[in-house]
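Observations on chain architecture
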Amino acid sequence: MDRFMWTNGLLEMNETLVIQQRGVRLYDGDEKAKLEVGVVLLSTHRLLWRDLKNHECCVCIPLSQIIFFEEQAAGIGKSAKIVIHLHPAPANKEPGPYQNSKFSYIKLSFKEHGQIEFYRRLTEEMIQKRWESTPASQPITATAGLKTGRTRAVGIVGIERKLEEKRKETDKNISEAFEDLSKLMEKAKEMVELSRSIASKIKDKQGDITEDETIRFKSYLLSMGIANPVTRETHGSGTHYHMQLARQLGDILQAPLEERGGMMALTEVYCLVNRARGMELLSPEDLVNACKMFESLKLPLRLRVFDSGVMVVQLQSHSEEEMIASAIDSVSEKGSLTAEEFGKLLGLSVLLAKERLLLAEKMGHLCRDDSVEGLRFYPNLF
Amino acid sequence: MHRRGVGAGAIAKKKLAEAKYKERGTVLAEDQIVQMSKQLETFKTHLEEFASKHKQEIRKSSQFRVQFQEMCATIGVDPLASGKGFWSEMLGVGDFYYELGVQIIEVCLALKHRNGGLITLDELHQRVLKGRGKFAQDVSQDDLIRAIKKLKAMGNGFGVIPVGGSYLVQSVPAELNMDHTVVLQLAEKKGYVTVSEIRESLKWEKERACHVLDHLLKEGLAWLDLQAAGEPQYWLPALFSELSCRDVTPEEANQMTP
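What counts as what
Residues numbered from 1 in each chain as written. Chains lettered and ligands numbered in written order. Predicted model: local features only at pLDDT ≥ 70, side-chain atom pairs only at ≥ 80, totals over all residues. Heavy atoms only, no water. Helix = DSSP H or I, 4+ residues; strand = E, 2+ residues; numbered from the N terminus. Buried < 20%, exposed > 50% of the residue type's maximum accessible area, 1.4 Å probe, protein only. Contact = heavy atoms within 4.5 Å. Areas by Shrake-Rupley, 256 points an atom, 1.4 Å probe, with all protein chains shown as cover. Salt bridge = Lys/Arg side-chain N within 4 Å of Asp/Glu carboxyl O. Core = buried A, V, L, I, M, F, W, Y, C linked by side-chain atoms within 4.5 Å. Pairing = 2+ DSSP bridges. Axes fitted to C-alpha atoms, helices over the stretch in contact; angles between N-to-C directions. UniProt positions renumbered as here; feature names shortened; annotations may be inferred. Expected span 1.5 Å × (residues − 1). Arc of directions from axis to C-beta. Buried area = accessible area lost by both parts, 1.4 Å probe. Polar contact = N/O pair within 3.5 Å; in protein donor to acceptor, adjacent residues only side chain to side chain. Disulfide = S-S within 2.5 Å.

The next subject is the overall build of chain B. Across its full length, chain B carries ten helices and six strands. Counting all 258 residues of chain B, 45% fall into the buried class. Relative to all contacts within chain B whose residues are 6 or more apart in sequence, the contacts with residues 24 or more apart total 53%. Accessible surface, chain B: about 13900 Å² in total, of which carbon and sulfur atoms supply 53%.

Next up, the structure:
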C-alpha cells in the first residue's frame, strides 16, 4: 500500500475511464487497509480508489507499477479478490496513505461483485499499455524504462483509437447499465416473493384481512406489475386508480359514443383516449379494468364482450332490444344486408355492424346466407 | 379423580390458544402488508436512482429493452401491466409501448379492407416506422410483438402467427386454427396457394383443403383468382410485397369480391 499516492481523482488529458466498481475494499498485502469500502476505478493510465462517503479521500497508482495480477476466488464469508503485485515505489513518489509497508502486493476485495469484468478490463489495459503511447499531461512517476516524449495520437491510428475508446465507453455504459439492472431486479424479486407470501396467507385465511387492506395490497401489486394471485373478487374489484379512470371515461366517452351509434370497440377507445392524453398513457389492461367497473359505479356505460371475443363499450341507453330492433328493421327494409352495407347505413364500423347482425341472428330474428361471396343476412321467415 | 385435558376448563384453555394462534396469524399477514408498503418505498427509491442513470438507455437501445423485459419476466413482474406502475411512471417504458400499441392498431385498421386483418410483421414494422417519422425513437420487431401481446387484453383478436422465418399479425377476431395457419405458411413463399399445392405438400384431401380456403375467403383474408393459368389461385393480400401492388381503396375492394 505504500505505492499509492493521494490524488484529486480527476482524470488527466488523454486519460480515459475504462471501468469502475463500487463496494471495493483495499488490502495492504493480506491485511485490510486502513480505509473504508469505496469505489475502484480503472483508467487507461492508473488504478484509482475513492472513498464512497468522503470523496476527498482518493488514492491512485500508475498502471506501470503493476508487475502482474491474479484472481483470488471467493470463499465462505470472503469476497472475491484481485491480487496485484507491484514494483517498488520510485524515490520521488508523491505522498500517499502509507509511508511504508512490508508487502509488495495489494488486494482489491469486491464486496459487491464485479470482479470478473474488472479483471478482464485490467488485463486489456495491461496488454495495451495505452499509457505509453498517450502520456497524460501531468508527468506520472513510473519505473525506469518508460518511453519518454509525447506521442500524440494523430492520423488514422489516432482516430481509430478514439473510436475504440468511445466504443469502450459506450460498452462500459451499457454494461454498467446491465449490472445496475441486475441489482435492481434482485430487489424487485424480493418484492415478488413477499407478495406471494401475503397472497398465500390470505388464501389460507391466516388472519382477517380487512377490505381496506385488500385494496391497498392490490394497489401495491399494481405498482410493481405483479399479477394478482388472489382471485377472490370482492365487489368493486380493481383499485382506486381504476375507479377514478372509470369515472373519467364516463365523461370523455359520452359524446364519441353518441356519434357512433352508441357503441365503440375497445381498441377504438384505447386509441381515442391515449391520443388525447399524449403522455401518461393507459395500458390496455388499465382500460379493461376500468371498464369492468362501470356497472358497480353506476355509470351509464357498459363493457360488453361478444361471443367472438370482441370487446366494446356501449351506452347503457342503447339497450340490446333497441340494437336488435334496428338491425331487423334495416334488413327487412333492404331485403338483405351484409355487415359492410349495414355498417355504412348506420355509420358503424364493419366489425360492430357484424356483431349486431350476429346478435339479431342469435335471437332468431335474422338468418344468414354464408357463401364465398360473403356473409349476408335475411329476415328470418321460419 | 383428576383427569387431564377434559372438562370445561380444558376446553376454555384450548379456545384461548386457538384465538391466540389466530391472532398471531392475523398480525402476521397484516404485518406483512405493512412491511410491503415500507419495502415498496425503498424499491421506489432504487428505481428512481436507476432511472436517473439509465432512463435514456431504455429509450435508445432496443437491446436493452429486450434484456429488461426478459429479466422482468423471469422474476414474475410485468412492467407493462399498468400505466400506473412504477416501471411505467419512472422508466417511461409504459408510454413507449402503449403509444406503439396505438400506432399498430391504426396501421392495421387502415389496411384491413385490403388484407382482411392479416399483415406481415415486416410490413407492419415498415409502416409503423414511417408513421413515426424521422426523429422518433427506433422500434424493433421485438418491441412490436410485445406491444401486440398487451393489446390482446382488449379482445379484438390481436395475435401473432409464426410463418416461415417471421410472423403474421392478426388484428381481427377471425378464427384461425392450425389448418389455416399451416396453409398461410405454405402460401408465404409466393403469396398465393392452390388446392393442388396443398394436397401435395400437406397430403390433405380435397375437401379439407377447400374448406380451409373457403374460410379464408369468407374472412376476407384471401382473394380468388379464377383467371390464373391452370387452376384457381388463392392469393393472400397480407403476403403481397409492397413493390408489386398499389394501395386499393375500400370501394375498389368491395367491387373485387367475386
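From this point, the narrative continues.
Secondary structure assignment for chain A yields ten helices and 15 strands. A buried classification covers 47% of the 382 residues belonging to chain A. Taking as baseline every contact in chain A between residues at least 6 positions apart, the subset at least 24 positions apart corresponds to 58%. Counting only carbon and sulfur atoms, one obtains 53% of the accessible surface of chain A, whose full area is about 19600 Å².

Here the focus is the pattern of salt bridges. The tally for this structure, following the rule as stated, stands at 31 salt bridges over all chains. For the salt bridge of A:Arg302 with A:Glu295, the shortest nitrogen-to-oxygen distance reads 3.8 Å. Accessibility expressed as a relative area gives 54% for A:Glu295, which makes it exposed. Of the charged contacts in the structure, one is a salt bridge between B:Lys150 and B:Asp78, with a shortest N-O distance of 2.4 Å. Taken together, the positions of B:Lys150 in helix α6 (residues 141-151) and B:Asp78 in the loop between α2 (62-75) and α3 (86-91) put the pair 72 residues apart, joining distant regions of the chain. A relative accessible area of 13% means that B:Lys150 is categorised as buried. Here the salt bridges share partners, and the residues they tie into one network are A:Glu117, A:Arg120, A:Arg121 and A:Glu124.

Let's shift gears to the nonpolar core. Membership of the largest hydrophobic core comes to 89 residues, with the highest contact counts inside it found for B:Trp87, B:Ile104 and B:Leu124. Take this core: its biggest share by element is twelve residues, from helix α3 (residues 155-203) of chain A. The residues contacting B:Trp87, other than those within four sequence positions of it, are A:Leu184, A:Met185, A:Ala188, A:Ser223, A:Met224, B:Phe43, B:Leu47, B:Phe68, B:Val77, B:Pro79, B:Gly92 and B:Val93. Membership of the second largest hydrophobic core comes to 29 residues, among which are A:Val24, A:Val40, A:Ile61 and A:Phe69.

A word on the sheet that holds strand β12 (residues 311-315) of chain A. All names here are of chain A. Here we have three strands laid out as an open sheet, ordered β10-β12-β11, and antiparallel in their pairing. The strands lining the two open edges of the sheet, one partner per strand, are β10 (263-265) and β11 (301-305). Put simply, the sheet's adjacent strands are angled 25 degrees from each other on average, direction ignored.

UniProt records the feature "coiled-coil region" (unreviewed entry) at residues 160-187 of chain A, using the numbering of this structure. Along residues 160-187 of chain A the backbone is 100% helical and 0% strand, and the end-to-end C-alpha distance reaches 40 Å.

This part is about the sheet that holds strand β15 (residues 374-379) of chain A. All names here are of chain A. Reading across from one edge, β13-β15-β14 is the order of the three strands in this open sheet, with antiparallel pairing throughout. Looking along the sheet, the strands with just one partner apiece sit at the ends: β13 (337-338) and β14 (366-371). Here β13 runs beside β15; their pairing, made up of two bridges, is antiparallel. Within β15, the position partnered with Thr-338 by the bridge is Arg-376.

All names here are of chain A. When the terminal C-alpha atoms of helix α4 (residues 211-224) are compared, their 20 Å separation across 14 residues agrees well with the 20 Å that a helix rising 1.5 Å per residue should span. Taking burial as the measure, the 14 residues of α4 include ten buried ones, the bulk of the element. Every buried residue of α4 is listed here: Glu-213, Thr-214, Ile-215, Phe-217, Lys-218, Tyr-220, Leu-221, Leu-222, Ser-223 and Met-224. Two residues or fewer after α4 comes Gly-225, characterised by a positive phi angle close to 75 degrees.

On to helix α9 (residues 206-218) of chain B. Residues and elements named next belong to chain B. For α9, with 13 residues, the first-to-last C-alpha span of 18 Å sits near the 18 Å given by 1.5 Å per residue. Inspection of α9 places Ala-209, Val-212, Leu-213, Leu-216 and Leu-217 among the buried residues, and these make up the whole buried set. Here the buried residues of α9 occupy an arc of 140 degrees about the axis, which is enough to place them on one side. Every exposed residue of α9 that faces more than 90 degrees away from the buried side is listed here: Glu-207 and His-211. The elements touched by buried residues of α9 are α7 (178-187), β4 (192-193), α8 (195-202), β5 (223-225) and β6 (233-235). Within two residues after α9, Gly-220 carries a phi angle of roughly 80 degrees, on the positive side.

Note on interface size: it is often stated as the accessible area lost on association of the parts. With 59 residues of chain B at the contact, the number on the chain A side is 65 residues. Where chain B abuts chain A, roughly 5800 Å² becomes buried across the two surfaces, and 69% of that area is made up of carbon and sulfur atoms. On the chain B side of the interface with chain A, the three residues burying the most area are B:Ile33, B:Met36 and B:Met154, jointly 13% of the side's total. For the interface between chain B and chain A, the tally reads five salt bridges. A salt bridge links A:Glu285 to B:Lys150; the nearest nitrogen and oxygen atoms lie 2.5 Å apart. One can count 14 residue pairs in polar contact (both at pLDDT 80 or more) joining chain B with chain A.

All right, on to the pairing of strand β9 (residues 105-110) of chain A then. All names here are of chain A. The buried fraction of β9 amounts to six of the six residues, a majority that puts the element mostly inside the structure. Side chains Tyr-105, Lys-107 and Ser-109 project from β9 onto one buried face, and the interleaved Ile-106, Leu-108 and Phe-110 project onto a second face that is buried too. Looking at chain direction, strand β2 (residues 17-28) and β9 are connected through five bridges and run antiparallel. Across the sheet, the residue bridging to Leu-26 is Leu-108, located in β9.

To continue, consider the state of the cysteines. Residues and elements named next belong to chain A. Per the stated rule, a full pass over the model turns up zero disulfides over all chains. With no disulfide partner, Cys-60 has as its closest neighbouring cysteine sulfur the one in Cys-58, 7.0 Å distant. For Cys-60, a relative accessible area of 3% corresponds to the buried category.

Moving on, we come to the side chain of B:Ser171. Residues and elements named next belong to chain B. Along the chain, the position of Ser-171 falls in the loop between β3 (166-170) and α7. For Ser-171, a relative accessible area of 8% gives the class buried. Discounting chain neighbours no more than four positions away, the residues touching Ser-171 are Cys-108, Gly-117, Asn-156, Gly-157 and Phe-158.

Right, let's get into the pairing of strand β6 (residues 58-62) of chain A. Residues and elements named next belong to chain A. For β6, the tally of buried residues reaches five of five residues, placing the bulk of the element in the interior. Alternating positions in β6 separate into two faces, Cys-58, Cys-60 and Pro-62 on one and Val-59 and Ile-61 on the other, with burial throughout. In this sheet, β6 lies alongside strand β1 (residues 5-6) in antiparallel orientation, the contact comprising two bridges. Paired with Trp-6 across the bridge in β6 is Val-59. In this structure, strand β5 (residues 46-51) lies alongside β6, joined through five bridges in antiparallel fashion. Looking across to β6, one finds that Arg-46 is bridged to Pro-62. The antiparallel pairing of β5 with β6 creates a hairpin that spans six residues between the two strands.

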